[in-house]
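# Structural description and commentary
Take a look at the letters that make up each chain.
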Amino acid sequence: MTKLHSLMIAGCLLGFSAVASAETVNLTNSADGANRDAGITAVKKKLQDACTDRKGTPDADSFEVVFEKTSDNPNVPKPYYVDGRMTCELPG
């Protein structure tokens, strides 16, 4: 086998190994809640469900709150709004 053939085979193997590896993506979503904890719990659940729907594995430790706001209107049943982000490991 020549050096050219060896290099071509090595290059193909490296290319296939990159395809077989998993991909990490950032998911974002938002949710409302009666208070801050309820809003955070709701957005975490949405993000975990979105990841598992894509047959991925959610990384709960990577969760972070991106934005949060409380409504001034007392008649709103879920006055707390939360935007969150979480990483998800998708299969290759």
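Coordinates for the structure precede this section.
Residues numbered from 1 in each chain as written. Predicted model: local features only at pLDDT ≥ 70, side-chain atom pairs only at ≥ 80, totals over all residues. Heavy atoms only, no water.

### Concerning the packing of aromatic side chains
Aromatic ring pairs are reported here in terms of the distance separating the ring centres and the angle at which the planes meet. Here is the rule we go by: Ring pairs are drawn from Phe, Tyr and Trp, using the six-membered ring of Trp, whenever the two centres fall within 6.5 Å, and their geometry is named by plane angle: stacked under 30 degrees, edge-to-face over 60, tilted for the rest. Each helix is a run of DSSP H or I of at least 4 residues and each strand a run of E of at least 2, with the numbering of both proceeding from the N terminus. Residue burial is assigned from relative accessible area. The probe radius is 1.4 Å, only protein chains are included, and a residue is buried under 20% of its type maximum, exposed over 50%, and partly exposed in between.
Applying the stated rule across the entire model yields one aromatic pair. Considering the side-chain rings of Phe 67 and Tyr 81, the 6.2 Å spacing of their centres and the 65° angle between planes classify their relative orientation as edge-to-face. Of the two residues, Phe 67 sits in strand β2 (residues 57–70) while Tyr 81 sits in strand β3 (residues 80–90), which places them 14 residues apart along the sequence. The class for Tyr 81 is partly exposed, based on a relative accessible area of 31%.

### Overview of the sheet that holds β2
Stated formally: One bridge is not enough; two strands pair if DSSP finds at least two bridges between them. Only C-alpha atoms enter the line fits that serve as axes; for helices the fit covers just the stretch in contact. Angles between N-to-C directions range over 0 to 180 degrees. In this description, contact between two residues means that some pair of their heavy atoms is separated by no more than 4.5 Å.
One open sheet accounts for three strands, arranged β1-β3-β2; its pairing is antiparallel. Single-partner strands in this sheet number two, and they are β1 (23–33) and β2. Going across the sheet, the axis of each strand differs from the next one's by a mean of 20°, ignoring polarity. Two elements, β1 and β3, share eleven bridges in a ladder whose sense is antiparallel. Its bridge partner being in β3, Asn 26 is matched across the sheet by Thr 87. Helix α2 (residues 36–53) contacts β1, β2 and β3 of the sheet and is inclined by roughly 145° relative to β1.

### Notes on the nonpolar core
Rules: Definition used in this section: a nonpolar core is a set of buried Ala, Val, Leu, Ile, Met, Phe, Trp, Tyr and Cys residues joined via side-chain atoms within 4.5 Å.
Core analysis: the largest hydrophobic core is formed by 14 residues, its most contacted members being Val 25, Leu 27, Val 43, Leu 47, Phe 63, Val 82 and Cys 88. Counting residues per element, the ones that place at least two in this core are β1, α2 and β3. Those residues in contact with Val 43 that sit more than four places away from it in its chain are Asn 29, Ser 30, Ala 31, Phe 63, Val 82 and Gly 84.

### Concerning a nonpolar patch on the surface
Quick reminder of the rule: Nonpolar side chains (Val, Leu, Ile, Met, Phe, Trp, Tyr) are joined into patches within 5 Å and like charges within 9 Å, using only residues with over 30% relative accessible area and no salt bridge. Computed with the Shrake-Rupley method and a 1.4 Å probe, the accessible areas treat only the protein chains shown as cover for residues. Salt bridges are defined by distance alone: a side-chain nitrogen of Lys or Arg within 4 Å of a carboxyl oxygen of Asp or Glu.
A cluster of nonpolar side chains, Val 66, Phe 67 and Tyr 81, forms an exposed patch at the surface whose accessible area comes to about 260 Å². Note on placement: Val 66 falls in strand β2.

### What to know about the pattern of salt bridges
By the definition in use, this model includes three salt bridges. For the salt bridge of Lys 45 with Asp 49, the shortest nitrogen-to-oxygen distance reads 3.0 Å. Of this pair, Lys 45 and Asp 49 both sit in helix α2, separated by four residues, roughly a single helical turn.

### Topic: the state of the cysteines
Put simply, the rule is: For this text, the term disulfide refers to a pair of cysteine sulfurs within 2.5 Å.
A complete count under the given rule lists one disulfide for this structure. At a sulfur-sulfur separation of 1.9 Å, the disulfide partner of Cys 51 is Cys 88. Note on the Cys 51 and Cys 88 pair: the S-S dihedral is about 80°, so by sign convention the disulfide is right-handed. Of this pair, Cys 51 sits in helix α2 while Cys 88 sits in strand β3, placing them 37 residues apart in sequence. In this pair, the class of Cys 51 matches that of Cys 88, namely buried.

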